[in-house]
Amino acid sequence: MTQIVKRVLLGCAAVLEILRASALGVPHGFTTRAGGVSPAPFDALNLGINTADAPEHVARNTLRLLEHERIAPGALSTLEQVHGTVVHEAKASGGTALAAPLGAGDAVWTEQPGAVVGVRVADCVPVLLVDPEGRRVAAVHAGWRGAVHGVLEAAIAALKARGTRPAALRAAVGPHLLSCCFEVGDEVAEQFQARFERVVIRTGAGKPHVSLLGSVRQILEGAGVTRVEALEHCTSCDPRFFSHRRDRGQTGRHLAYVRCAFEGA
Ligand SMILES: [Zn+2]
């Protein structure tokens, strides 16, 4: 009997490893590469819809994640991400089939009980926002363009328009390309310098580095969000993650997701 159990466990050596913030207060997660069926270079839990990986692998990975998290496939709303600032509201909270992306955009929020919103990343900054007062949640894809152009501000504005007080918001910033590996050209560095304080790091004669985390913290602080938790793992340094830059574009995508499920609801 013990042997059979062991064999079954070995058979599913690909166990999901999901990272969580400590104080969001609702179900959520940041996936790693572990636990999927995709072959290299998308190994293993590729959740990206626009990669060269087989769509059936991505669908199997997505269903595996949702089953693990006890989320109905149709409850998850995602976007066709375009590094822009458009915000969508999601309303789907159930159903057995995976839903198509809501449309082009980079932030998605919901106040529909049971609904899950998510963004896909591989180096870009995923930010999850939770309003325990207004009982609404958001997922934001903030690449460097999105951060500079204001996708996070747009998401917070959408929540505010529905009554959210920014001071009540809790934010979790997921693993992304930290400043150790985010080397940029002068033109990009200048855009950050014009918009943020002390996020461009210059050492010696090399190219400048930029702290996306510093930028995101400044945006959140500026919007009145004070409860911010960052999972400071560098997607390029840490082999547990897909990294668009390290893997030269041939890589998978993670999902950062949050569920509108508040206690007592
Ligand atoms: Zn790094």
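Scroll up to find the structure.
Overview of the structure. (Residues numbered from 1 in each chain as written. Predicted model: local features only at pLDDT ≥ 70, side-chain atom pairs only at ≥ 80, totals over all residues. Heavy atoms only, no water.)

1. Brief notes about the layout of surface pockets
Of the voids in this model, the largest pocket is the one considered here, and its volume is about 510 Å³. Lining the largest pocket are 22 residues, and of these H83, C124, H141, H244 and R253 lie nearest its centre. Every element with two or more residues in the lining of the largest pocket is listed here: strand 6 (116–121) and helix 3 (144–149). Classifying every residue of the lining of the largest pocket gives 9 nonpolar, 8 polar and 5 charged. One number sums up the size of the second largest pocket: a volume of about 250 Å³. Lining the second largest pocket we find 16 residues, and of these I49, V58, L98, A99 and R120 sit closest to its centre. (1 Å grid on protein atoms, 1.4 Å probe; cavity = no way out; pocket = protein on both sides within 12 Å on 5 of 7 lines; lining within 4 Å. Points joined across faces, edges and corners; volume = space filled by probe spheres on them. Helix = DSSP H or I, 4+ residues; strand = E, 2+ residues; numbered from the N terminus. Nonpolar A, V, L, I, M, F, W, Y, C, P; charged D, E, K, R; others polar.)

2. Side note on the coordination of the zinc ion
Surrounding the zinc ion are the protein donor atoms C180 (SG), C181 (SG), C234 (SG) and C237 (SG), which sit 2.3 Å from the metal. Coordination at the zinc ion is tetrahedral, judged from the 4 donor atoms that bind it and the angles of 100 to 118° they form at the metal. Sequence spacing of the donor residues for the zinc ion, all on one chain, is C-C-x52-C-x2-C. In this pair, C180 sits in the loop between strand 9 (170–173) and helix 5 (186–195) while C237 sits in the loop between strand 12 (227–230) and strand 13 (254–259), placing the two residues 57 residues apart along the sequence. On the basis of relative accessibility, which here comes to 43%, the residue C180 falls in the partly exposed class. (Donors = N, O, S within 2.8 Å, 3.2 Å for Na, K, Ca; no water. Tetrahedral: all angles 85-135°; square planar, octahedral: opposite > 155°, others 65-115°. Buried < 20%, exposed > 50% of the residue type's maximum accessible area, 1.4 Å probe, protein only.)

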